[in-house]
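Residue-level structural notes
The chain contents come next:
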Amino acid sequence: MLFCRKCSKQEDHERSDDRNLVTHDDKPSRAQRVFFRARDLLFLVVLLAIALTFFLLSRKDVSSSSLEAQVYIDGELVDRIVLKAGVDQDHRFAARPAVRLHQYADRTIAVIVSDCPDKTCINTGKIGKPGAFAACVPNRVLVVIVETGTTDSTQEVDVVT
Amino acid sequence: MLSLDSKHTSGVRMSTTKLARIAVLLALALVLGIVDGMLPPLPSPVPLRYGLANVAVMAALILLGSGEAFSVAMLKSVFVFLTRGLFAGLVSMSGTLCSILLMLAIEKGTRGRVSIFILSVVGAITHNFGQFLFLIFKDVYRSAFVYVAPFLILFGLLTGLLSATLLRMTMKPLEVLFNRKIRPRS
């Protein structure tokens with residue numbers, strides 16, 4: 001008969017090759033999985049570095065470039081709204097009467113009305129950087145900001161001189 | 001002593017046990033999915049969820065095995081198909097597939113020695129990226145990868161940490177439940 005040294009129970013224990021008695025320590029339970037190892041920190045740092053790289057790539061200075069908001073409905077481009085400073089107006093689309101956009105004077109645009117259940121598009125808020133987007137997945141509406149070239153006057157002067 | 005451990009039992013009983021265990025964890029995954037939907041949305045510009053259901057999938061992976069984990073994950077997506085329609089089902093399926101395949105690969109690659117933290121965070125981030133890549137293919141999102149990627153990673157990290165903590169707290173009771181011996185009537 002085999003008995004565990006620690007708990008003196010017979011079941012669940014198997015005879016190993018070199019010893020007659022086997023304890024619980026020799027067969028750890030699967031629930032005793034390590035939660036965090038020291039070397040996981042390396043993984044954490046690499047991950048944060050990747051995130052930071054993407055974040056910095058997405059933060060380009062756009063004060064001097066011209067931007068437009070492209071509106072896609074059902075995957076098709078239906079409107080290009082040029083984001084000019086000082087323009088403040090609503091935009092509606094015949095294909096989706098339940099969705100309304102609002103263009104703000106600070107060169108941003110936002111979805112302000114939508115009949116979708118989750119309202120993620122509205123919660124996205126004002127967007128104004130190239131690549132930023134507001135999407136209403138249930139309505140298949142996408143607004144994405146695109147950079148359409150620079151209108152920087154100093155650059156033109158540089159070319160002339 | 002009759003044990004329901006898969007090693008010691010005959011074919012029929014083993015598959016019944018397996019089925020019951022998968023069913024318990026699938027039920028857990030579905031309930032966690034509902035709870036997930038009731039929580040306030042994450043402050044992210046991309047629609048992201050907490051991914052609590054991954055706790056049940058990881059419990060299946062660690063306590064039961066890769067086949068069971070795959071079943072729980074895929075059946076959960078099938079349930080999304082049935083309840084929320086084709087599009088939501090496909091989005092869920094793409095995230096789940098990426099997530100479970102990578103988690104299985106890591107678990108196999110490290111022979112089960114990977115920490116809960118890494119497993120959970122990798123699962124959460126690949127789930128986010130899987131869904132996002134599907135939405136790019138479906139033309140819902142375009143050319144916004146650089147803008148979205150940091151959010152996917154950062155929120156994947158936070159939600160992954162949350163599910164890892166939940167898993168650590170529930171693992172012991174779950175193991176007791178799964179390893180409970182059934183004594184024959186005598």
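Some details on the overall build of chain A
The helix and strand tally for chain A stands at 3 helices and 7 strands. Along chain A, helices and strands appear, N-terminal first, in the series α-β-β-β-β-β-α-β-β-α. Put simply, chain A has 161 residues, and 35% of those count as buried. The contacts in chain A between residues at least 6 apart in sequence include a share of 30% that link residues at least 24 apart. Of the accessible surface of chain A, which amounts to about 9900 Å², a share of 55% is contributed by carbon and sulfur atoms.

Let's talk about the side chain of Asp36 of chain B
All names here are of chain B. Summarising the element assignment, Asp36 is placed in helix H1 (residues 11-38). Buried charge without a partner: Asp36 forms no salt bridge, and the closest opposite charge is Arg49, 4.8 Å away. Among the polar contacts listed, one links the side chain of Asp36 to the backbone nitrogen of Gly51, at a separation of 2.8 Å. The residues touching Asp36, leaving out its near neighbours within four places in the chain, are Arg49, Tyr50, Gly51 and Leu52.

Overview of a nonpolar patch on the surface
A surface patch of nonpolar side chains, about 370 Å² in accessible area, is lined by Leu75, Val78, Phe79 and Leu82 of chain B. Within the element layout of this structure, Val78 of chain B appears in helix H3 (residues 66-84).

Looking at the confidence of the model for chain A
Residue and element names in this part refer to chain A. On average, residues of chain A carry a pLDDT of 75, and 73% of them reach 70 or more. Per-residue pLDDT stays below 50 along residues 15-27; that stretch engages in 26 contacts with residues further than four places along the chain or on separate chains. Residue range residues 152-161 is modelled with pLDDT below 50. Its contacts to residues more than four positions away, or to other chains, number 2 contacts.

A short note on the packing of helix H4 (residues 86-109) of chain B against helix H5 (residues 116-137) of chain B
All names here are of chain B. Direction vectors running N to C along H4 and H5 enclose 145°, while the axes themselves pass 7 Å from each other. The two elements H4 and H5 cross, and the hand of that crossing is right-handed. Here the residues of the contact of H4 with H5 sort into 11 nonpolar, 10 polar and 1 charged.

Overview of the interface of chain B and chain A
In this assembly, 43 residues from chain B lie in contact with 35 residues from chain A. Around 3600 Å² of area is buried between chain B and chain A when both sides are counted, 68% of it from carbon and sulfur atoms. There are 1 salt bridge connecting chain B and chain A. Across the pair Arg33 of chain A and Glu107 of chain B runs a salt bridge whose closest N-O atoms are separated by 2.7 Å. Across the contact surface, chain B and chain A share 7 residue pairs in polar contact (both at pLDDT 80 or more). Among the elements that make up the side of chain B that touches chain A, the one with the highest residue count is helix H6 (residues 145-178) of chain B (15 residues). By residue class, the composition of the side of chain B that touches chain A is 28 nonpolar, 5 polar and 10 charged.

Definitions and cut-offs
- Residues numbered from 1 in each chain as written.
- Chains lettered and ligands numbered in written order.
- Predicted model: local features only at pLDDT ≥ 70, side-chain atom pairs only at ≥ 80, totals over all residues.
- Heavy atoms only, no water.
- Helix = DSSP H or I, 4+ residues; strand = E, 2+ residues; numbered from the N terminus.
- Buried < 20%, exposed > 50% of the residue type's maximum accessible area, 1.4 Å probe, protein only.
- Contact = heavy atoms within 4.5 Å.
- Areas by Shrake-Rupley, 256 points an atom, 1.4 Å probe, with all protein chains shown as cover.
- Lys, Arg positive; Asp, Glu negative; His and termini not counted.
- Salt bridge = Lys/Arg side-chain N within 4 Å of Asp/Glu carboxyl O.
- Polar contact = N/O pair within 3.5 Å; in protein donor to acceptor, adjacent residues only side chain to side chain.
- Patch = residues over 30% accessible without salt bridge, like charges linked within 9 Å, V, L, I, M, F, W, Y side chains within 5 Å.
- pLDDT = per-residue confidence, 0-100.
- Axes fitted to C-alpha atoms, helices over the stretch in contact; angles between N-to-C directions.
- Left-handed = near helix turned anticlockwise from the far one by under 90°.
- Nonpolar A, V, L, I, M, F, W, Y, C, P; charged D, E, K, R; others polar.
- Buried area = accessible area lost by both parts, 1.4 Å probe.

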